[in-house]
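Given next are the chains, with one letter for each unit.
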Amino acid sequence: MSEGRFEAMDLEFHRRLRNGFLEIALMNPDRCIVIDATKSLHIIHQEIITSF
């Protein structure tokens, strides 16, 4: 596949991919954190910093 291959995939593909990553995060809470990227950059930064 060429560059942008994931961007070319349909919405259902992206939903399944996201759900897969969320499942991995739930099964590995010591390794993974889920960050809500709809928040402001400052809040996202704070959540990342305080997660470690």
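Participant: What exactly am I supposed to notice about the overall build of the protein chain here?
Facilitator: Looking only at helices and strands, one finds two helices and zero strands in the protein chain. The C-alpha radius of gyration of the protein chain comes to 14 Å, more than 25% above the 10 Å expected for a compact globule of 52 residues. Dimensions along the principal axes, computed over C-alpha positions, put the protein chain at roughly 35 × 25 × 20 Å. The buried share of the protein chain, taken over its 52 residues, is 8%.

Participant: Explanation requested: the packing of aromatic side chains in the structure shown.
Facilitator: One pass over the structure, following the stated rule, counts one aromatic pair. For the pair F6 and F13, a centre-to-centre distance of 6.0 Å together with 20° between the ring planes defines the contact as stacked. Residue F6 is classed as partly exposed on the basis of its relative accessible area of 40%.

Participant: How should I be thinking about the environment of C32 in this particular structure?
Facilitator: In this structure, C32 sits in the loop between α1 (11-27) and α2 (41-50). A C-alpha to C-alpha distance of 19 Å links C32 and R15, two positions 17 residues apart in sequence.

Participant: Looking at this structure, I do not really get a nonpolar patch on the surface. What am I missing?
Facilitator: On the surface, a nonpolar cluster with roughly 430 Å² of combined accessible area is contributed by F6, M9, L17, F21 and I24. Mapped onto the fold, M9 is located in the segment before α1.

Participant: Explain the environment of H14 here, please?
Facilitator: Structurally, the position occupied by H14 is in helix α1. Under the relative-accessibility criterion, H14 is labelled partly exposed at 30%. Measuring from C-alpha to C-alpha, the distance between H14 and K39 comes to 20 Å, with 25 residues separating the pair along the chain.

Conventions used here
- Residues numbered from 1 in each chain as written.
- Predicted model: local features only at pLDDT ≥ 70, side-chain atom pairs only at ≥ 80, totals over all residues.
- Heavy atoms only, no water.
- Helix = DSSP H or I, 4+ residues; strand = E, 2+ residues; numbered from the N terminus.
- Rg over C-alpha atoms; globule rule 2.2 N^0.38 Å.
- Buried < 20%, exposed > 50% of the residue type's maximum accessible area, 1.4 Å probe, protein only.
- Phe/Tyr/Trp six-rings, centres within 6.5 Å; stacked < 30°, edge-to-face > 60°.
- Patch = residues over 30% accessible without salt bridge, like charges linked within 9 Å, V, L, I, M, F, W, Y side chains within 5 Å.
- Areas by Shrake-Rupley, 256 points an atom, 1.4 Å probe, with all protein chains shown as cover.
- Salt bridge = Lys/Arg side-chain N within 4 Å of Asp/Glu carboxyl O.

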